[in-house]
Amino acid sequence: MIKVITYGTFDLFHEGHYRLLQRAKGLGDYLIVGVTTEAYDKARGKLNVVDSLVTRIENVRKAGFPDEIIIEETPGQKVNDIRKYHIDIFAIGSDWIGHFDYLKDYCQVVYLERTKNISSTMLREQNSPIQRIGMIGTGRIGERFIPEAKLVSGISMQGVYNPHIESAVKFADKWEIDAYKDLEEFYRAVDVVYIASPHETHYGYIKSALEHGKHVLCEKPMVLKKVQAEELFLYAKEKNLILFEGIKTAYCPGFHKLLGIACSGTIGNIRNVEACFTKLEQQENREMTDSVYGGSFTELGSYVIFPILKLFGKDFETVQFDTIKNENGLDIFTKVSLRYPAGIATATCGLGVKSEGRLLIAGTKGYIVAEAPWWKTSYFEVHYEDTKKIEKYSEIFLGDGLRYEISDFLSTINGNASSEFKLTRGESIVMADIMESFLKAEMRKV
Ligand code: C2G
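Criteria and thresholds
- Residues numbered from 1 in each chain as written.
- Predicted model: local features only at pLDDT ≥ 70, side-chain atom pairs only at ≥ 80, totals over all residues.
- Heavy atoms only, no water.
- Helix = DSSP H or I, 4+ residues; strand = E, 2+ residues; numbered from the N terminus.
- Buried < 20%, exposed > 50% of the residue type's maximum accessible area, 1.4 Å probe, protein only.
- Contact = heavy atoms within 4.5 Å.
- Areas by Shrake-Rupley, 256 points an atom, 1.4 Å probe, with all protein chains shown as cover.
- Lys, Arg positive; Asp, Glu negative; His and termini not counted.
- Charge placed at Lys NZ, Arg CZ, Asp CG, Glu CD.
- Salt bridge = Lys/Arg side-chain N within 4 Å of Asp/Glu carboxyl O.
- Pairing = 2+ DSSP bridges.
- Phe/Tyr/Trp six-rings, centres within 6.5 Å; stacked < 30°, edge-to-face > 60°.
- Arc of directions from axis to C-beta.
- Axes fitted to C-alpha atoms, helices over the stretch in contact; angles between N-to-C directions.
- Parallel < 35°, antiparallel > 145°, perpendicular 65-115°, else oblique.
- Left-handed = near helix turned anticlockwise from the far one by under 90°.
- Nonpolar A, V, L, I, M, F, W, Y, C, P; charged D, E, K, R; others polar.
- Near = heavy atom within 4 Å.
- Polar contact = N/O pair within 3.5 Å; in protein donor to acceptor, adjacent residues only side chain to side chain.

Visitor: What's the story with the overall build of the protein chain in this structure? I'm lost.
Guide: Within the protein chain one finds 15 helices and 19 strands. If one aligns the C-alpha atoms of the protein chain with their principal axes, the spans along those axes are about 80 × 60 × 40 Å. Of all 446 residues assigned to the protein chain, the portion counted as buried reaches 53%. Residue pairs at least 24 apart in sequence account for 67% of intrachain contacts in the protein chain once pairs closer than 6 positions are excluded. Accessible area for the protein chain stands at about 19900 Å²; split by element, carbon and sulfur atoms hold 50% of it. Between the centroid of the 55 positive side chains of the protein chain and the centroid of its 61 negative side chains there is a distance of 2 Å.

What follows is the structure, encoded as structure tokens:
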């Protein structure tokens, strides 16, 4: 009996897939089809798969050719599967020519001609037209956003708005996009808006973008007042628009793995969370000189408060701030203590003091530790009383990580997979509330 194996995502199952499976089956007597998991597709950079694993398996089964369906979870799995299932032929579409020649050491490798003019990408684009994204602000984060956005299919970078037209033109030339100095013209040219302007301008821009019927992804901290966050989320809801706060950790696959383990009972009941993020900043930068909106907490506070809200929830009993200030009266180091009914948490951040920058989650049975840069989680450990027992977890984190946030924002717009649980409106509102309390405690005239 000749055994054949093939693999694929088989998203939005189409004729190309059908014909591939048909010909793969025709190469032998028994066909095994490996269907990729969501985590594996994310890890290999396929961020916009629409159908769930169950749906994709069901579609492959219904095609009628496979004798057996397996799950593909890791890149090295093909070699092991070929040995395990005593495979004679590995078949795959011609878009992969050469890529799988290394399998020739184990079985025959056949590249089947790809069916022309049909692909999952094409169907995704038909179902959900390409979203033209426009960016407001041309700062450092904007520089990081564009290369990441290019990796997410389904959106295209249209242009940038900055009231300082010279900055907009310079930025637009560099990235080969359009520069707009007129906001109305900008809104006419784009479908969705990414806001990366100074913190204090977020509220105004979000409101006007929503008024113009645009979905919005806004950099953290989205706003610095609770009522503003409440008002904007309500307004977005009324207008049936998506409003996302861009805290990239929230959308990072490794952080989700960590949250899952922390909440699974593995370390018992969580009693203490300590999150720290420090980044030494140049004295002359805006963050160190803007005496109203600058300082370490407005800059980095969202990152360190976020895991605490995820693990302990929104209902803390007390919140207390301690700061060390520079000569401009700005906090260069801030410690926030939150008291919950069943636990305590500290969020520490600094722009003028360097610390180890770790995330520590302590429970009644053990603790989880993720070292810096835990906000781009790719590795963490679980420790227990028995010091010899250490569980190690790693997860892919590609590039600057903004691609995960952009991809989740896009799929929410397209109504495919809701990612809103990753950072809820309620959590964003509490975050704005904490920011507001901080600015009040610092007696800043916001
Ligand atoms: N295919 C095809 N014709 C098309 C589209 C896809 O023949 N018009 C083939 C692909 O070449 C592949 C299979 O259908 O052999 C599944 O395609 P995808 O769902 O895009 O999966 P892919 O990313 O190619 O999976 O381990 C995973 C595999 O390495 C590749």
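Visitor: Teacher, can you tell me more about the pattern of salt bridges here?
Guide: Two side chains of opposite charge can pair, provided their charged atoms sit close to one another. If you walk through the whole model with that rule in mind, you get 28 salt bridges. Put simply, Arg144 and Asp400 hold a salt bridge, and the shortest N to O gap is 2.9 Å. On the criterion of sequence distance, the pair formed by Arg144 in helix 6 (residues 140-149) and Asp400 in the loop between strand 19 (390-394) and helix 14 (402-413) is long-range, its members being 256 residues apart. Overall, the relative accessible area of 16% leaves Asp400 in the buried class. Lys422 serves as the salt-bridge partner of Asp408, at 2.9 Å between the closest nitrogen and oxygen. In this pair, Asp408 sits in helix 14 while Lys422 sits in the loop between helix 14 and helix 15 (425-441), placing the two residues 14 residues apart along the sequence. For the pair shown, Asp408 and Lys422 are each scored as buried. In this structure, a network of salt bridges that share partners links the residues Arg140, Lys279, Glu281, Arg286, Glu287 and Glu299.

Visitor: I keep staring at the pairing of strand 17 (residues 366-370) and nothing clicks. Help me out?
Guide: Along a regular strand, successive side chains alternate from one face of the sheet to the other. With respect to burial, strand 17 is a largely interior element, four of its five residues being buried. For strand 16 (residues 359-363) and strand 17, the ladder comprises four bridges, and the chain directions are antiparallel. Across the sheet, residue Leu359 finds its bridge partner in strand 17, namely Ala370. Direction of pairing for strand 17 relative to strand 18 (residues 379-384): antiparallel, over a ladder of four bridges.

Visitor: Explanation requested: the packing of aromatic side chains in the structure shown.
Guide: The description of an aromatic ring pair rests on the distance of the ring centres and on the angle between the ring planes. Enumeration according to the criterion identifies 24 aromatic pairs in this entry. Between the aromatic rings of Tyr161 and Phe186, the centroid separation amounts to 5.9 Å while the plane-to-plane angle is 45°, which identifies the pairing as tilted. In this pair, Tyr161 is assigned in strand 7 (residues 155-161) and Phe186 in helix 8 (residues 183-189), connecting sequence segments 25 residues apart. Here Tyr161 falls in the buried class, since its relative accessible area comes to 8%. The exposure class of Phe186 is buried, given its relative accessible area of 0%. Ring centres 6.0 Å apart and planes at 65° place the aromatic pair Phe297 and Phe321 in the edge-to-face group. Here the residue Phe297 occupies a position in helix 13 (residues 296-312), and Phe321 occupies one in strand 13 (residues 318-325), the gap between them amounting to 24 residues. Chaining the aromatic ring pairs together yields one cluster made of Tyr7, Phe90, Trp96, Phe100 and Tyr102.

Visitor: What am I meant to see in helix 7 (residues 165-175) here?
Guide: Side chains of residues three or four places apart in an α-helix project in the same direction, reflecting 3.6 residues per turn. Considered for burial, the residues of helix 7 that qualify are Ala168, Phe171, Ala172 and Trp175. Viewed along the axis of helix 7, the buried residues span an arc of 100°, placing them on a single side of the element. Across from the buried face of helix 7, at angles greater than 90 degrees, the exposed residues are Glu166, Lys170, Asp173 and Lys174. Tucked into the core, helix 7 has its buried residues touching strand 6 (131-136), helix 6, strand 7 and strand 8 (178-180). After helix 7 finishes, the residue Glu176 shows a positive phi value of roughly 55°.

Visitor: Whenever I open this one, the environment of Phe306 confuses me. Can you help?
Guide: Its place among the elements puts Phe306 in helix 13. With a relative accessible area of 1%, Phe306 lands in the buried category. When the C-alpha positions of Phe306 and Ala250 are compared, they lie 7.9 Å apart, and in sequence the two are 56 residues distant.

Visitor: Even after reading the chapter, I still don't get the packing of helix 6 against helix 7, so can you show me in this structure?
Guide: When two helices pack together, you describe them by how their axes are tilted relative to each other and by the distance separating the axes. At a closest axis distance of 11 Å, the pairing of helix 6 and helix 7 adopts a crossing angle of 30°. Relative to helix 7, the element helix 6 lies roughly parallel. In this structure, helix 6 crosses over helix 7, and the sense of that crossing is right-handed. From helix 6, Gly142, Glu143, Ile146 and Pro147 reach across to helix 7, where they touch Phe171, Lys174 and Trp175. Taken together, the residues that form the contact of helix 6 with helix 7 break down as four nonpolar, one polar and two charged.

Visitor: In this structure, what is going on with the site of the ligand? I would like to understand it.
Guide: Taken together, 21 residues surround the ligand, and among them Phe10, Glu72, Lys78, Asp95 and Ile118 come closest. The contact in question runs from an oxygen atom of the ligand to an N or O atom on the side chain of Arg44, over 3.0 Å. Within the complex, the protein chains bury 96% of what would otherwise be the 620 Å² of accessible surface of the ligand. Taken together, the elements giving at least two residues each to the shell around the ligand come down to strand 1 (3-8), helix 1 (15-26) and strand 4 (89-93).

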